[in-house]
Amino acid sequence: QVQLVESGGGLVQPGGSLRLSCAASGSIFSIPNMGWYRQAPGKQRELVAAITSGGSTTYADSLKGRFTISRDNAKNTVYLQMNSLKPEDTAVYYCNVDAVSMSTRVRTRYWGQGTQVTVSS
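Sequence order as written defines residue numbering, which begins from 1 separately in each chain. pLDDT decides what is reported in this predicted model: residues at 70 or higher carry local features, side-chain atom pairs at 80 or more are listed and counted, and totals for whole chains, interfaces and linings draw on all residues regardless. Heavy atoms from the whole structure form the basis of all side-chain values; hydrogens and water molecules are not counted.

Undergrad: Just checking my understanding: could you explain unusual backbone geometry for this structure?
TA: Among all residues save glycine, negative phi is the norm, and among peptide bonds the norm is trans. Despite not being glycine, Asn76 shows a phi value in the positive range, around 50°. Its relative accessible area of 23% is what places Asn76 among the partly exposed residues. Think of it in three bands: residues with accessible area under 20% of the maximum for their type are buried, residues over 50% are exposed, and the middle band is partly exposed, with areas taken using a 1.4 Å probe on protein chains only.

Undergrad: It is not clear to me how the packing of aromatic side chains should be interpreted in this structure. Could you clarify?
TA: Here the distance between the centres and the angle between the planes together describe a pair of aromatic rings. For Phe, Tyr and Trp, where Trp contributes only its six-membered ring, two rings pair if their centres lie within 6.5 Å, and the inter-plane angle classes them as stacked under 30 degrees, edge-to-face over 60, or tilted in between. Applying the stated criterion to the full structure yields one aromatic pair. Should the NZ of a Lys or the CZ of an Arg lie within 6 Å of a ring centre and within 35 degrees of the ring normal, that charge is described as sitting over the ring. Stacked on the ring of Trp111, the Lys or Arg Arg45 has its end atom at 4.7 Å from the ring centre.

Undergrad: Before we go on, may I ask you to explain the sheet that holds strand S8 (residues 77-82) in this structure?
TA: Hydrogen bonding along the main chain pairs the strands of a sheet, whether they run parallel or antiparallel. A pair of strands is considered paired only if DSSP assigns at least 2 bridges between the two. Segments assigned H or I by DSSP are reported as helices when at least four residues long, segments assigned E as strands when at least two residues long, and all are numbered from the N terminus. A sheet is described by the order of its strands in space; here four strands give the open sequence S1-S3-S8-S7, paired in antiparallel fashion. Each edge of the open sheet is held by one strand with a lone partner, namely strand S1 (2-7) and strand S7 (67-72). Each neighbouring strand pair of the sheet contributes to a mean axis angle of 15°, computed without reference to strand direction. Two strands pair when backbone bridges link them, and strand S3 (residues 18-26) and S8 are joined in this way by six bridges, in the antiparallel orientation. Along S8, the bridge assignment pairs Leu20 with Leu80. Each axis is a line fitted through C-alpha atoms, and for a helix only the stretch in contact is used; angles between axes span 0 to 180 degrees, taken between their N-to-C directions.

Undergrad: Would you mind going over the side chain of Asp89 with me for this structure?
TA: Structurally, Asp89 can be placed in the loop between S8 and strand S9 (91-101). Take Asp89: its relative accessible area is 1%, and that puts it in the buried class. Polar contacts, as used here, are pairs of N or O atoms within 3.5 Å; protein pairs need one atom able to donate a hydrogen and one able to accept it. Residues neighboring in sequence count only if both atoms are side-chain atoms. For Asp89, the side chain forms a polar contact with the side chain of Arg38, separated by 3.0 Å. At 2.8 Å, the side chain of Asp89 and the backbone nitrogen of Lys86 are in polar contact. Leaving out residues up to four positions away in the same chain, Asp89 has contacts with Arg38, Leu63, Arg66, Phe67, Ser84, Val117 and Val119. Here, two residues are considered to be in contact whenever any of their heavy atoms come within 4.5 Å of each other.

Read these as spatial facts, not as claims about activity.
Listed below in structure tokens is the structure:
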């Protein structure tokens, strides 16, 4: 089993920045992919960004240039740096991890509990 602990959400003014973190722990052999999704009220959950263990990244087209995803493989942690935040970025942000079990070598997708990001003056 893998546990995900998210941190870094909160209230920020338009134009401000936030950095989200998500640390994975448990019986982990490897983590091929880590990423962030978000869900705004009344909307579907959408991909924000993802990163492979080798550092290849994918971003939602609308967020390129403002958001940056990174990871620390030694700490099994993924980060999301969010700059120039807009009110429309307000959502619950979820960490997403594809982890391979140390004992079974089975790959499973895990979700964090979500962290609220509110952009408002």
